[in-house]
Every structure is written in C-alpha cells, then in structure tokens.
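One-letter residues, chain by chain:
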Amino acid sequence: MTVAHRRGHFAAWVVLGAIISFGFVIGLLSRPRLAVQTTDITTPASHGDNP
Amino acid sequence: VSVQYAAVTWNRNKRIYDSVIVAGVVSYIAMFVAITKLIAPESHGISDEVLLIRALGTCAYVMLHVVLCIGPLARFDRRFLPVLYNRRHLGVATFVVGLAHGALSTGYYHGFGRLNPIVSLLGTNTDYSSIAAFPFETLGLIALIILFLMAATSHDFWQRNLSPNAWKWLHMLVYPAYALLVLHVVLGGLQSERSTIYPVLVAVGAVTVIGLHLGAAWRERRRDHHVNASTTAWIDIGRIDDICDDRAKIIGIDGHERIAVFRYGNCVSAVTNVCAHQRGPLGEGKIVDGCITCPWHGWQYRPGDGRSPPPFTEKIETYQVRLQSRRIELNLHAKPPGTPVEPARISE
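Residues numbered from 1 in each chain as written. Chains lettered and ligands numbered in written order. Predicted model: local features only at pLDDT ≥ 70, side-chain atom pairs only at ≥ 80, totals over all residues. Heavy atoms only, no water.

Student: Can you walk me through the packing of aromatic side chains in this structure?
Tutor: The relative placement of two aromatic rings is captured by the distance of their centres and the angle of their planes. Following the criterion strictly, the structure yields seven aromatic pairs over all chains and no others. Ring centres of Phe-10 of chain A and Trp-218 of chain B lie 6.2 Å apart, and the angle between their planes is 35°; on these two criteria the pair is classed as tilted. Of this pair, Phe-10 of chain A sits in helix α1 (residues 3-29) while Trp-218 of chain B sits in helix α10 (residues 197-223), placing the two residues on different chains. Consider the rings of Tyr-108 of chain B and Tyr-109 of chain B, whose centres lie 5.0 Å apart with planes at 85°: the pair is edge-to-face. Residue Tyr-109 of chain B is classed as exposed on the basis of its relative accessible area of 51%. What links up through ring pairs into an aromatic cluster is the set Trp-13 of chain A together with Tyr-175 and Tyr-178 of chain B. Lying over the aromatic face of Trp-234 of chain B, Arg-322 of chain B brings its terminal NZ or CZ to 3.9 Å of the ring centre. (Phe/Tyr/Trp six-rings, centres within 6.5 Å; stacked < 30°, edge-to-face > 60°. Helix = DSSP H or I, 4+ residues; strand = E, 2+ residues; numbered from the N terminus. Buried < 20%, exposed > 50% of the residue type's maximum accessible area, 1.4 Å probe, protein only. Lys NZ or Arg CZ within 6 Å of the ring centre and 35° of its normal.)

Student: I tried to follow the packing of α1 of chain A against helix α9 (residues 174-187) of chain B on my own but got confused; where do I start?
Tutor: Two numbers describe how α1 of chain A lies on α9 of chain B: the axes approach to 9 Å, and their chain directions differ by 5°. Classified by the interaxial angle, the pair formed by α1 of chain A and α9 of chain B is roughly parallel. For the pair α1 of chain A and α9 of chain B, contact is made by His-9, Ala-12, Trp-13, Leu-16, Ile-20, Gly-23, Phe-24, Gly-27 and Leu-28 of chain A and by Tyr-175, Pro-176, Tyr-178, Ala-179, Val-182, Leu-183, Val-186 and Leu-187 of chain B, respectively. Its residues placed into classes, the contact of α1 of chain A with α9 of chain B shows 14 nonpolar, three polar and no charged. (Axes fitted to C-alpha atoms, helices over the stretch in contact; angles between N-to-C directions. Parallel < 35°, antiparallel > 145°, perpendicular 65-115°, else oblique. Contact = heavy atoms within 4.5 Å. Nonpolar A, V, L, I, M, F, W, Y, C, P; charged D, E, K, R; others polar.)

Student: Looking at this model, I keep getting lost on α10 of chain B. Mind explaining?
Tutor: Each α-helix turn comprises 3.6 residues. Residues three or four places apart therefore point the same way. With 27 residues, α10 of chain B extends 39 Å between its outermost C-alpha atoms, agreeing within 8% with the 39 Å of an ideal straight helix rising 1.5 Å per residue. For α10 of chain B, the complete set of buried residues consists of Pro-199, Val-202, Gly-205, Ala-206, Val-209, Ile-210, Leu-212, His-213, Ala-216, Ala-217 and Glu-220 of chain B. (Expected span 1.5 Å × (residues − 1).)

Student: Explain the interface of chain A and chain B here, please?
Tutor: Quite often, the size of an interface is put as the accessible area lost when its parts meet. On the side of chain B, 41 residues touch chain A, which itself brings 26 residues to the contact. At the junction of chain A and chain B, the tally comes to zero salt bridges. Across the contact surface, chain A and chain B share six residue pairs in polar contact (both at pLDDT 80 or more). Residue composition of the side of chain A that touches chain B, by class: 14 nonpolar, eight polar and four charged. (Salt bridge = Lys/Arg side-chain N within 4 Å of Asp/Glu carboxyl O. Polar contact = N/O pair within 3.5 Å; in protein donor to acceptor, adjacent residues only side chain to side chain.)

In short, geometric facts, not functional conclusions.
Below, the structure written as structure tokens:
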C-alpha cells in the first residue's frame, strides 16, 4: 500500500471508530423503555366487613 | 493476472471459495430461521417474511464483518493471504445478500400502498432530529448504494480504467458504509430488542473490526521509521545473510514509498514495495519462477527490471543496490518504472 493509503486507513478508522462508538452509546441510551404498570394488590380494609 | 478481460477468471480455488460462500449463506439463513422458530417461542407471532428479512440482514452484516477483518488479519498473519486473494467474491456476495434484505423489507413494509415503495421508504418517516425514531432505513439504503458501487467496479476492467489509486480510494468507501450499517442496526433493530445479547454482539463485532484495523495501521506506521532518508543517496540496510533466499527485506523510509530488497540465488535486486495492481506489499511476497510475486493477487515482476513477464506490460520502479563485504547498500533514488538495473552479485 502507498504511504497515502496507509495514512488514509489510519485516519479513517480513528474517525469512524469515534463515530461508531458515539452512535452506539447514544442509540442504546435512547431506546424506549418498557412501560410497567403497577397494581395495588393489598386487600381492602373493608373486605368482608360489609354487612 | 490475465492479458484480457473475462467476467471471472475461474480456477479450482475460486470455485471452492465461491461454493463455501454459497453454502455458508444458505446454511446461515436456514439455521437462523430454524433456531428462531424452535428456541424463541415469542417469535411465533412473527411472519415468515419478517424472519427472512432478519436472517438476510444479519447474514449480510456478518459477511461484511468477515470482509473487513480479512485485510488486517492478513497483515498480522500470512495464513490469511489465500482468503484475501478471493476477497472480492465475498464482497460481491455481501452486496447481493444485503440487496435481498433491502428489497424484501422495502417490498414488505412499503410495497402495498399507493406510493412508490422507494418514495414511501424515504418519505414516511423524516424525523431526522429524533434518535429513538430516526429513519434508520436511510442509513441502510446509503450503505447499500456504496456496496453496489463497489460490487459494480470490483472487476479489473474498472480498476485499470479508474487507475489503481482512484479505485483504491473508491473501495475505501466500505469503511463509512460499515459505520452506516452499525448505526442502521443500532437505531433500527436494537431499538425494539430487550435482550442484552444483541447489543453485546454488535459491540463485539465493531470492536473487533475497529481494533484490527487500528492495530494493523499502528503496526504499519511503526515500520516506516526504520530508515531516515539523509542527503546521501546510498544507505546501509543490513547484512545479506539476514534475508532468506527468494525473499525480501522491506525498507521503510519516512515520507517515501517502501522499497523491497530481494535476494534470489546469488543476486540482490531492489524494487518498489508497491504492486502496480492493487498496491499490494511486494516485499511480503516471494520469488516464484524467477519473478517477484505479489502476495495479494499473484501479479509478477522480474527483479532485474521491474517488468511483468510477456505478454504482460505492467512496470514498477527499480533501485540500485551494491554489496560491501556482505552488507547491502541501497540507492534511495528510484529509477523510472521498468528500468533495468544490474543486480548485486553475492560472492561466496
């Protein structure tokens, strides 16, 4: 490979490595989170007391 | 090497190589579909078309990793050179599988409306300011266009007509194409995946590709500091006994192209280290049938004049060498390509 191609390879992978790393982290952090619905399962205090 | 153009210059090795590629692609897709259906019960809600889209997409993605790793691996270990020899076929196959993925997904998701599928693909989601809802399809489409340009110009006809340097720069576009595809996967498929295994696999692939390329490039950069070109034209490059028969010593000079000094029989000759074909490292090749043979694609040059044997017409630069009590001296001034230079003779 020529000197220019070797330098081009190195520069290209330094820049692309940074872009890929940044995009990967940002992409993962921006993933939509699963919506979890909480349900109150405690027994009502008045359960069974109703005449 | 060939004197005339043919679509593919087939030989036994290329047939075996291509058979392995086809068998690998078919096996991967079959296993992907079968394993997904058997192991992941939640995938029963996914149609066969979507499963095939995913199988083709991941297959092309894996193939691109292999294509990109072959080059630096061959720099680290000569046993990968035979794979490098046929890398073009794997690159074209990667484009074909990627095209199948793109065509099937475009047809499936955008082919049943009133709009042209391509118009629908590019116009349905234009929220480029959002990361979570980024139109990742556009990234894949741009990468596919780059892969198409590379596949279409992969033949030696284009390499010769575009010039080896322009062709090499054009084919380095595969690097940004890879970056686009990583982002295509991260902003697309990974957005809806809950499992951690998929991000880990993508990260491992990216770290491997980037690490191998940076490692190989760093290793190459260090080689270039062996000799500092001084005002004098002749430099001492070491003992003749340090070079094996039919092999070369590569001389790296700051800011200059490398020089390959070959020892063959009782002769020593020096030529540029850069092959006229794809700029392969001639000094990592060897003398075969009396000719310097490039380790990448087998192009050959006579060590005495840097010319390919007839009927071929390629020429490379030559350099003067002389021996002083078994030490080699090299003249750093390159002779024009194809200039005959008397080899230095080793006296026993």
